[in-house]
Amino acid sequence: RNPERAGEGAAAAPVPFYIGPPAKDSIARTVVVREKQAEGENLWRIVLADPRGSALPAWSAGAHVDLIDGGFRRKYSLCGATDERGTLQVVVQREAEGRGGSRHFCDTLAPGHTLQLSGPKNMFKLDEAARRYVLIAAGIGITPMLAMADRLRKLGKPYALHYAGRSRRHMALLGRVEGDHAGHATLYVKAEGRRMNLPALLAQVDAGTRVYACGPGRLIDELEALAEHWPEGVLHFEHFSAEGSALDPAKEHAFVAHLKDSGVEVAVPADKTLLQALQAAGFDVPCDCNEGLCGTCEVGVLEGAVDHRDKVLTKSERAANTRMLACCSRAAGRKITLAL
């Protein structure tokens, strides 16, 4: 008999507890800034190394790391050479109106500075079995796209890299793009009157093509609209921010998540995410980003409409209404049934 269920000596308040393996976010290594180079206006390329000169973890095109310093933790795509085990490279864009993380890393980090690094992790893997590739980057979205272009060049695969930016001084890694990928790369510099025409660029997409893109929401939205007529699995994208996915308790409503496999109902208040409510109830749902960017916290949906707020699922996946990202998405109504 459980005395707490019978009301005998029940605790005054539930005690928070953690279920599952150690959180990956708690695993980090110390690295030192070896180089810091300007890559344009408000853009800095930061080269990181092990303080003792040891090899750093291997990574693949599309991977990112978390930089942790000064109370900030931010994700940045890797853009150096994948076979260079002595260093890892990222480019940080200083956002004057951001939440402070990019300002801290751009203003504070200098050669010799030590900080913590988590990863690498890859939620944006390159499918190397396709026939041809189209890589599309806007702004700081060039970082994972350049790593993919490097890999495809090494594999000898047909590829085209399309890179758009406001002006050349706002476009990071231009030297590498033009030098390493001459004949494959096309620049679209708004200040020079050249803009990307996606329908024209992607008119020949077929089942053997893979389109990879990283950039702002308007770019991804246009690509998703075009992809409605493409074969499944052609388009792959990564947002470089989770704008619009944050929880605003003043605008939310509470709902109940019925966990069919467990026979349990979990109340999700307006000021908590579904993920927080599930974990507080003792259900081990993993999560890496808590921003709707990685897809780790996906749960199956059996009944009830979903208010999707992630940056992972495609339009067709959302329309199917069979899964959702627990860290940011919510029930559209007052109840939802999950396969948990």
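Our structure's up above, just so we're on the same page.
Residues numbered from 1 in each chain as written. Predicted model: local features only at pLDDT ≥ 70, side-chain atom pairs only at ≥ 80, totals over all residues. Heavy atoms only, no water.

Student: Looking at this structure, I do not really get the pairing of strand 7 (residues 132–138). What am I missing?
Tutor: Along any regular strand, the residues point their side chains to alternate faces of the sheet. For strand 7, a buried count of six out of seven residues is recorded, marking the element as mostly surrounded by other parts of the structure. Direction of pairing for strand 7 relative to strand 10 (residues 209–215): parallel, over a ladder of six bridges. Along strand 10, the bridge assignment pairs Ala137 with Cys214. Two elements, strand 7 and strand 8 (residues 159–165), share six bridges in a ladder whose sense is parallel. What sits directly across from Leu135, in strand 8, is Leu161. (Buried < 20%, exposed > 50% of the residue type's maximum accessible area, 1.4 Å probe, protein only. Helix = DSSP H or I, 4+ residues; strand = E, 2+ residues; numbered from the N terminus. Pairing = 2+ DSSP bridges.)

Student: Just to check I follow, could you spell out the state of the cysteines for this structure?
Tutor: One covalent bond between the sulfur atoms of two cysteine residues makes up a disulfide. Counted according to the given criterion, the structure contains zero disulfides. Between Cys79, a cysteine without a disulfide, and Cys214, which holds the nearest cysteine sulfur, the sulfur-to-sulfur distance is 12 Å. (Disulfide = S-S within 2.5 Å.)

Student: Is there a simple way to explain the sheet that holds strand 8 in this structure?
Tutor: By definition, the strands of a sheet pair up through backbone hydrogen bonds, in either a parallel or an antiparallel sense. Pairing within the open sheet is parallel, and its five strands lie in the order 9-8-7-10-11. The open sheet has two edge strands with one neighbour each: strand 9 (185–189) and strand 11 (235–239). Sheet twist, expressed as the mean angle between neighbouring strand axes with direction ignored, is 10°. Set on the sheet, helix 5 (residues 217–227) makes contact with strand 7, strand 10 and strand 11; between it and strand 11 the angle comes to about 165°. (Axes fitted to C-alpha atoms, helices over the stretch in contact; angles between N-to-C directions. Contact = heavy atoms within 4.5 Å.)

Student: Can you walk me through helix 1 (residues 101–108) in this structure?
Tutor: Helical geometry note: an α-helix holds 3.6 residues per turn, so side chains three or four residues apart project in the same direction. When helix 1 is considered as a whole, its buried residues turn out to be Gly101, Ser102, His104, Phe105 and Cys106. The elements touched by buried residues of helix 1 are strand 1 (29–40), strand 2 (43–49), strand 3 (64–69), strand 4 (72–77), strand 5 (87–93) and strand 6 (114–121).

Student: I keep staring at a positive patch on the surface and nothing clicks. Help me out?
Tutor: A surface patch of like charges, here positive, comprises Arg166, Lys190, Arg195 and Arg218. Arg218 gets classed as exposed once you look at its relative accessible area, which sits at 68%. (Patch = residues over 30% accessible without salt bridge, like charges linked within 9 Å, V, L, I, M, F, W, Y side chains within 5 Å. Areas by Shrake-Rupley, 256 points an atom, 1.4 Å probe, with all protein chains shown as cover. Salt bridge = Lys/Arg side-chain N within 4 Å of Asp/Glu carboxyl O. Lys, Arg positive; Asp, Glu negative; His and termini not counted. Charge placed at Lys NZ, Arg CZ, Asp CG, Glu CD.)

Student: Which parts of the structure should I look at to understand the side chain of His170?
Tutor: Tracing the sequence through the fold places His170 in the loop between strand 8 and helix 3 (174–180). In terms of polar contacts, His170 uses its side chain to reach the side chain of Arg166, at 3.3 Å. A distance of 2.7 Å separates the side chain of His170 from the side chain of Ser167, its partner in a polar contact. When near neighbours in sequence (up to four residues on either side) are disregarded, His170 contacts Glu41 and Leu43. (Polar contact = N/O pair within 3.5 Å; in protein donor to acceptor, adjacent residues only side chain to side chain.)

Student: How should unusual backbone geometry be read in this particular structure?
Tutor: Along the chain, Gly119 connects to Pro120 via a cis peptide bond; the corresponding omega equals 5°. With respect to the secondary-structure elements, Pro120 resides in strand 6. Phi is positive for Leu173, which is not a glycine, with a value near 60°. Mapped onto the elements, Leu173 comes out in the loop between strand 8 and helix 3. One non-glycine residue with positive phi stands out, namely Asn321, at about 55°. Here Asn321 is to be found in the loop between helix 7 (315–320) and strand 16 (323–325).

Student: Can you walk me through helix 5 in this structure?
Tutor: Turning to helix 5, its buried residues are Leu219, Ile220, Leu223, Glu224 and Ala227. When helix 5 is viewed along its axis, its buried side chains cluster within an angular range of 130° and face the same direction. On its buried face, helix 5 sits against strand 7, helix 4 (198–201), strand 10, strand 11 and helix 7. (Arc of directions from axis to C-beta.)

Student: Quick question: what am I supposed to make of the pairing of strand 12 (residues 255–259) here?
Tutor: Of the two faces of strand 12, only the one carrying Phe255, Ala257 and Leu259 is buried; Val256 and His258 on the other face are not. Alignment of strand 12 against strand 13 (residues 264–268), held across five bridges, turns out to be antiparallel. From the neighbouring strand, Val256 faces strand 13, where its bridge partner is Ala267. Between strand 12 and strand 13, which pair antiparallel in sequence order, lie four residues; one of them, Gly263, sits at a positive phi of approximately 65°.

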